Amino acid sequence: MSTKRILTIGPRYYKNNSKTGGIVVLFENWIEFCRHQNIPITIIDTTKPNYKNIICAYLSILLQFFRNLRTHNIIFLHGTFKDYLFIAPIICLFSKISNKKFYLRKFAGDFEARFNASSKLRKAILKKLIQ
C-alpha cells in the first residue's frame, strides 16, 4: 500500500439539522481540506444522535473502524472526552496491533477539569492513551 490513506473518525453535522458546535465545524473543515488537497480519506461519523441510539452508535463506529483498518495507513480520531474514554482505547490498541499510525485531536476546553474529576480507572485509561 504505497498511497497514504487516512481513516478519519469524528463528528459530522447532525442529520436533523439541529445544533452545530465548534467541534463539528472544525471536523468538517478538516474533511474539506483533505478533499481540496486530494488526500484520500474515509470518514466515520461519531455524532451519536445520527444513529438509532447510543449503543448502536458505538457498535457502528467500531464496526466501521474494523472494516476499514486494513486498508488505511493512518487513523485520525477527532474526539471529545467521552470519545477518548469509550472509542479511543479500542482504536489505539488495534492500530498498534496492526502497525498503523494513530493520531488524536482533542476538542472541548474542559479536558483538564474532567480528567481531574475522573476515577482512578478513567485517569489510567486516559494517561495511557495520551502517551
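Above: the structure in question.
The following paragraphs examine the structure supplied in this document.

Definitions and limits used
Residues numbered from 1 in each chain as written. Predicted model: local features only at pLDDT ≥ 70, side-chain atom pairs only at ≥ 80, totals over all residues. Heavy atoms only, no water. Phe/Tyr/Trp six-rings, centres within 6.5 Å; stacked < 30°, edge-to-face > 60°. Helix = DSSP H or I, 4+ residues; strand = E, 2+ residues; numbered from the N terminus. Buried < 20%, exposed > 50% of the residue type's maximum accessible area, 1.4 Å probe, protein only. Pairing = 2+ DSSP bridges. Polar contact = N/O pair within 3.5 Å; in protein donor to acceptor, adjacent residues only side chain to side chain. Contact = heavy atoms within 4.5 Å. Axes fitted to C-alpha atoms, helices over the stretch in contact; angles between N-to-C directions. Patch = residues over 30% accessible without salt bridge, like charges linked within 9 Å, V, L, I, M, F, W, Y side chains within 5 Å. Areas by Shrake-Rupley, 256 points an atom, 1.4 Å probe, with all protein chains shown as cover. Salt bridge = Lys/Arg side-chain N within 4 Å of Asp/Glu carboxyl O.

Under the definition given, this model contains six aromatic pairs. A ring pair is formed by Trp-30 and Phe-76, whose centres lie 5.0 Å apart and whose planes are at 85°; its orientation type is edge-to-face. In this pair, Trp-30 is assigned in helix 1 (residues 22-36) and Phe-76 in strand 3 (residues 74-79), connecting sequence segments 46 residues apart. Across this residue pair, the class does not change: Trp-30 and Phe-76 are buried. Grouping aromatic residues by their ring pairs yields a cluster made of Trp-30, Phe-33, Phe-76 and Tyr-103.

Let's shift gears to the pairing of strand 3. Within strand 3, six of the six residues are buried, which leaves the element mostly enclosed by the surrounding structure. Residues of strand 3 alternate between two faces, with Ile-74, Phe-76 and His-78 on one and Ile-75, Leu-77 and Gly-79 on the opposite face, all of them buried. In terms of strand pairing, strand 3 meets strand 4 (residues 101-106) through six bridges, oriented parallel. Each residue of the ladder has a partner; that of Gly-79, found in strand 4, is Lys-106.

By the secondary structure assignment, His-72 is in the loop between helix 2 (54-69) and strand 3. The class for His-72 is buried, based on a relative accessible area of 0%. Only 2.7 Å separates the side chain of His-72 from the side chain of Thr-42, close enough to count as a polar contact.

What follows deals with the environment of Leu-104. Here Leu-104 is to be found in strand 4. With 82 residues separating them in the primary sequence, Leu-104 and Gly-22 have C-alpha atoms 17 Å apart. Non-local contacts of Leu-104, meaning those with residues more than four positions away in its chain, are made with Phe-76, Leu-77, Tyr-84, Ala-88 and Leu-129.

Another aspect to go through is the sheet that holds strand 3. Pairing within the open sheet is parallel, and its four strands lie in the order 2-1-3-4. Lying at the two open borders of the sheet, with one neighbouring strand each, are strand 2 (41-45) and strand 4. Strand-to-strand twist in this sheet, taken as the mean axis angle between neighbours without regard to direction, amounts to 15°. Of the strand pairs in this sheet, strand 1 (residues 6-10) and strand 3 are connected by four bridges, and their pairing is parallel.

Attention shifts here to a nonpolar patch on the surface. A cluster of nonpolar residues, Phe-66, Leu-93, Phe-94 and Ile-97, forms a patch on the protein surface that exposes about 380 Å² of accessible area. Considering each element in turn, the nonpolar patch owes the most residues, three residues, to helix 4 (residues 88-97). Residue placement: Phe-94 occurs in helix 4.

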